[in-house]
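Summary of structural features
What follows is the residue order along each chain.
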Amino acid sequence: MILISGRGSNMEAIVKACKAEGWPAEVAAVVSNRPDAGGLQFAAAHGIATAVVDHKAYGSREDFDAELARVIDGFSPDLVVLAGFMRILTPGFTARYARRMLNIHPSLLPAFTGLHTHERAIEMGCKVAGVTVHFVTAELDHGAIVMQAAVPVLAGDDAKSLSARVLTAEHRIYPQSVRWFVEDALVWSGEVVSHRSGAAQHLFLS
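Residues numbered from 1 in each chain as written. Predicted model: local features only at pLDDT ≥ 70, side-chain atom pairs only at ≥ 80, totals over all residues. Heavy atoms only, no water.

A look at the overall build of the protein
- Helix and strand counts for the protein come out as six helices and 10 strands.
- In summary, the protein has a C-alpha radius of gyration of 17 Å against a globular reference of 17 Å for 206 residues, a match within 12%.
- Dimensions of the protein along its principal axes, counting C-alpha atoms only, are 45 × 40 × 35 Å.
- The buried share of the protein, taken over its 206 residues, is 46%.
- When the accessible area of the protein is evaluated, it comes to approximately 10,200 Å², of which 53% is carbon and sulfur surface.
- Distance between charge centroids for the protein: 4 Å, based on 18 positive and 21 negative side chains. (Helix = DSSP H or I, 4+ residues; strand = E, 2+ residues; numbered from the N terminus. Rg over C-alpha atoms; globule rule 2.2 N^0.38 Å. Buried < 20%, exposed > 50% of the residue type's maximum accessible area, 1.4 Å probe, protein only. Areas by Shrake-Rupley, 256 points an atom, 1.4 Å probe, with all protein chains shown as cover. Lys, Arg positive; Asp, Glu negative; His and termini not counted. Charge placed at Lys NZ, Arg CZ, Asp CG, Glu CD.)

Put into structure tokens, the structure is as follows:
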């Protein structure tokens, strides 16, 4: 189950990898909070069920999350994947899917939580930036880290050029992280996640 708000390029990468690599799983559905999300057309074209829960139709975040959870549970997914889903979720919702909901954030967490990560990395003079796949908790952009990728911040970079470099890394590590989950390759030690066989949980990309 993948949640999107727009084009869903990470959703596309996951769908393609799932099919090409023969994962022991399938994408049960793609759900969006925006009826005009471009990713819905991609999903439908690939034979994946779609649904819309328009946040504008609900008077509170709790009401929206309750309906979203009802729709999700109708598909009985083992994993919920946030792929550019631009909604802050309530603690009750995150608890409902604890340890089975993933998000991707365009920074090397715990650095630069929240928005405008690329601008902030450049302003701080960072020499590397990157992306993190993590389990979702009630605290925004926290939760156990599954995988990270680092990319260089180059002379002359602006937010757009750095974002494009980071996005390439996102399309590498998000499908990998989801595959590890569906293959039951992730193990917990307290609040830390590692790969069962000790596989590297990081990438360095040029």
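Thoughts on the UniProt feature "binding site: N(1)-(5-phospho-beta-D-ribosyl)glycinamide" (unreviewed entry) in the protein
- Here the UniProt feature "binding site: N(1)-(5-phospho-beta-D-ribosyl)glycinamide" (unreviewed entry) sits at Gly8, Ser9 and Asn10.
- Note that serine 9 resides in helix 1 (residues 9-21).
- Residue serine 9 is classed as buried on the basis of its relative accessible area of 13%.
- Each residue touching serine 9, except ones within four places of it in the same chain, is listed here: Leu167 and His171.
- Excluding residues within four positions of it along the chain, asparagine 10 makes contact with Ala83, Ile104, Glu170, His171 and Tyr174. (UniProt positions renumbered as here; feature names shortened; annotations may be inferred. Contact = heavy atoms within 4.5 Å.)

Focus: the sheet that holds strand 6 (residues 128-135)
- Taken in spatial order, the eight strands line up as 3-2-1-4-5-6-7-10 in an open sheet, and their pairing is mixed. A strand with exactly one partner marks an edge of an open sheet, and here the two such strands are strand 3 (49-52) and strand 10 (202-204). With strand direction ignored, the average angle separating the axes of adjacent strands in the sheet is 15°.
- Taken together, the two bridges between strand 1 (residues 2-4) and strand 4 (residues 80-82) define a ladder with parallel strand orientation. In the strand pairing of strand 4, isoleucine 2 is matched with valine 81.
- Running at roughly 155° to strand 7 (residues 145-152), helix 6 (residues 159-182) makes contact with strand 4, strand 5 (101-105), strand 6, strand 7 and strand 10 of the sheet. (Pairing = 2+ DSSP bridges. Axes fitted to C-alpha atoms, helices over the stretch in contact; angles between N-to-C directions.)

Thoughts on the pairing of strand 7
- Across seven bridges, the pairing between strand 6 and strand 7 is antiparallel. Bridging from a neighbouring strand, alanine 129 pairs with valine 151 of strand 7.
- The sheet contact formed by strand 7 and strand 10 spans three bridges and is parallel. Paired with alanine 149 across the bridge in strand 10 is leucine 203.

Some details on the nonpolar core
- Residues Ile2, Val30 and Tyr174 are the most contacted members of the largest nonpolar core, which totals 42 residues.
- Only strand 1, helix 1, helix 2 (39-45), strand 5, strand 6, strand 7 and helix 6 provide two or more residues apiece to this core.
- Lining this core are residues from two domains, each supplying at least three of them: domain 1 (1-97) and domain 2 (103-206).
- When residues no more than four places from it in sequence are discounted, the contact partners of tyrosine 174 are Asn10, Ile14, Val81, Leu82, Ala83, Leu102, Asn103, Ile104 and Val133.
- Of all hydrophobic cores here, the second largest spans 19 residues; its members include Ala69, Val80, Tyr97 and Met101. (Core = buried A, V, L, I, M, F, W, Y, C linked by side-chain atoms within 4.5 Å. Domains from an automatic or database assignment.)

Things to note about the environment of serine 194
- Structurally, serine 194 is set in strand 9 (residues 192-195).
- When its relative accessible area of 29% is taken as the criterion, serine 194 is described as partly exposed.
- Sequence spacing of serine 194 and histidine 118 is 76 residues, and the spatial spacing of their C-alpha atoms is 27 Å.
- Once residues lying within four places of it in the same chain are set aside, the contact partners of serine 194 are Ala185, Leu186, Val187 and Gln201.

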